[in-house]
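# Observations on the three-dimensional arrangement
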Amino acid sequence: MLRLLLQGAFYTLVLAVAGIAGGTTLGLLLTPLGFLRARPLRAFYHVFIFFTRGTPLLVLALLIFYGLPAMNFSQGPYVAGTIVLTIYSSAFFAEVFRGGVLAIQRTHLESGRSLGLAPLAFLRRIIAPLALRYALPPYVNVCVMMVKASSILSIISVWELTLAAREIIERTLLVFTALGIAAGLYFIMCFGVDRLGRRVERHLMRRGFVGERV
Amino acid sequence: MITIQGLRKCFPNGLEVLRGIDLAIGDGEVVSLIGRSGSGKTTLLRCINFLEEYDAGEIRLDGTPLWYRAATGGARTRMPEPAIRALRQQMGIVFQQFNLFPHMTALENVCLGPSFAHKRPEAEVKALAQQLLERVGLGGKMRSYPYQLSGGEQQRVAIARALAMRPKVLLLDEITSALDPELVGEVLEVIRSLVLERMMMVIVTHELRFAREISHRIAYLSRGQITEIGPPGELLDNPQDSTLKEFLRRMP
Ligand SMILES: Nc1ncnc2c1ncn2[C@@H]1O[C@H](COP(=O)(O)OP(=O)(O)OP(=O)(O)O)[C@@H](O)[C@H]1O
Ligand SMILES: [Mg+2]
């Protein structure tokens, strides 16, 4: 039983990592749209966030699971599951990064402007590092959420930790043991993600990212 | 040489902060701006560096009009961004606080501008930056991050960073106001040395004693207008404007 659950946990982890990677990438692409002067693009950004965030994950999962084959794109539940997590988390990540940019001190932006930095250098040397640092805690938050959110995918027959636990329950009726172990495994994974985030944070602190004295 | 003519600035909320500023600053000249809180000193400095757009008037640097171009029909348009960037590189500005990029060491802060703006070899930029940091008395703190520096040290790095662009003018906005009293001296010392080097500077300050010591002229700003300007001795000891008299009476 434990082996089956560990295997499930492994699949959960792979799904979460794939979803987080995809969501981070998509989120990073979306964030700039929220800052553009062009109104249609900004509107598109907010509409996307509004609908993606406002849709229950379960509904989104069903939509994609049944929607993809209808669009003649049928690659099985794992691809569908990864797409679900990617889209869902991208909305949260995009807003997390947008918050990071908004947290940058005005004088830091103006110092950069007064040095006459070109847009690309500005983005690379000032905006990106500062925004990512400010975004790190809420970013880890969303990552932890995604590990747990992946359990919803069991509904669209993605075999992972939750589905593994259900199979065991159906076969052995050991409800509390199976669910207890599954919960423990989820906890360990979330704890790991959290620790990883803390480590990155500590590393950044040594590199000067502690905010400044007042 | 900087000439400002008829500078006007309204904030979107309708507040007219600058109401026709005329000011000429010669090469090597140090002009201090004094005035009550809210009189528009910061806004004036920010307009000179175009961190703030303005509604009317003209600013020239060595005869070249800055920031706007005349368009047909008396209107004006912003200069293209690359031109604005090139002009900004000829000016340095230091704010009251939070100048330094927190994720870069003192040395990296100073190197950032010239390495991108001047496209010089890395070694040359670094040598210049080291020289400037030594000059402001921070030769031993080049690898420190801003959070490891005192407020006075941070401001000195900020000055070095501005100087690294080899600016024609330095704009300083109350750069000692956020400092503990015992740290003010070391920053003022750096400014004194720049006066000796004939650096053109516009300094907003509340330290009247310091303004008297280093300025060639002091300008008094009142409700968005320069109502009195002159050498420190005249303006501080024999003020004409009645609000200036009142202002000076209240100062320690
Ligand atoms: N972004 C803004 N929008 C609206 N009003 C502003 C803005 N920035 C400044 N002001 C107003 O413009 C006026 C002048 O501000 P400014 O900062 O130039 O004053 P100051 O002379 O530098 O004052 P202080 O000595 O307190 O620094 C103030 O009344 C201020 O409230
Ligand atoms: Mg001010």
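Below is a summary of the structure that appears in this document. (Residues numbered from 1 in each chain as written. Chains lettered and ligands numbered in written order. Predicted model: local features only at pLDDT ≥ 70, side-chain atom pairs only at ≥ 80, totals over all residues. Heavy atoms only, no water.)

### Some words on the overall build of chain B
Looking only at helices and strands, chain B features nine helices and 12 strands. Taking 252 residues into account, the globule formula puts the C-alpha radius of gyration at 18 Å, and chain B, at 18 Å, falls close to it. Dimensions of chain B along its principal axes, counting C-alpha atoms only, are 50 × 50 × 35 Å. The burial tally for chain B puts 55% of its 252 residues in the buried class. The contacts in chain B between residues at least 6 apart in sequence include a share of 62% that link residues at least 24 apart. (Helix = DSSP H or I, 4+ residues; strand = E, 2+ residues; numbered from the N terminus. Rg over C-alpha atoms; globule rule 2.2 N^0.38 Å. Buried < 20%, exposed > 50% of the residue type's maximum accessible area, 1.4 Å probe, protein only. Contact = heavy atoms within 4.5 Å.)

### A few points about the interface of chain B and chain A
Each partner contributes to the interface: chain B provides 28 residues, whereas chain A provides 30 residues. A per-residue breakdown of the area chain B buries against chain A is headed by Phe98, His103 and Tyr147 of chain B, which together make up 26% of the total. The interface formed by chain B and chain A includes one salt bridge. The residue Arg46 of chain B makes a salt bridge to Glu110 of chain A at a minimum N-O spacing of 2.7 Å. (Buried area = accessible area lost by both parts, 1.4 Å probe. Salt bridge = Lys/Arg side-chain N within 4 Å of Asp/Glu carboxyl O.)

### Some remarks on the environment of Trp159 of chain A
Residue and element names in this part refer to chain A. For Trp159, the location among the structural elements is in the loop between helix H6 (119–149) and helix H7 (161–172). Taking the relative accessible area as the measure of exposure, Trp159 reaches 17% and is therefore buried. Sequence separation of Trp159 and Ala9 is 150 residues, and the distance between their C-alpha atoms is 9.9 Å. Ignoring sequence-local partners within four residues, the contact set of Trp159 consists of Leu4, Gln7, Gly8, Tyr11, Tyr78, Ala164 and Glu167.

### A word on the side chain of Ser32 of chain B
Residue and element names in this part refer to chain B. Mapped onto the elements, Ser32 comes out in strand E3 (residues 30–35). At 2.6 Å, the side chain of Ser32 forms a polar contact with the side chain of Ser215. Residues in contact with Ser32, not counting those within four places in the same chain, are Ile203, Thr205, Ala211, Ser215, Arg217, Ile218 and Ala219. (Polar contact = N/O pair within 3.5 Å; in protein donor to acceptor, adjacent residues only side chain to side chain.)

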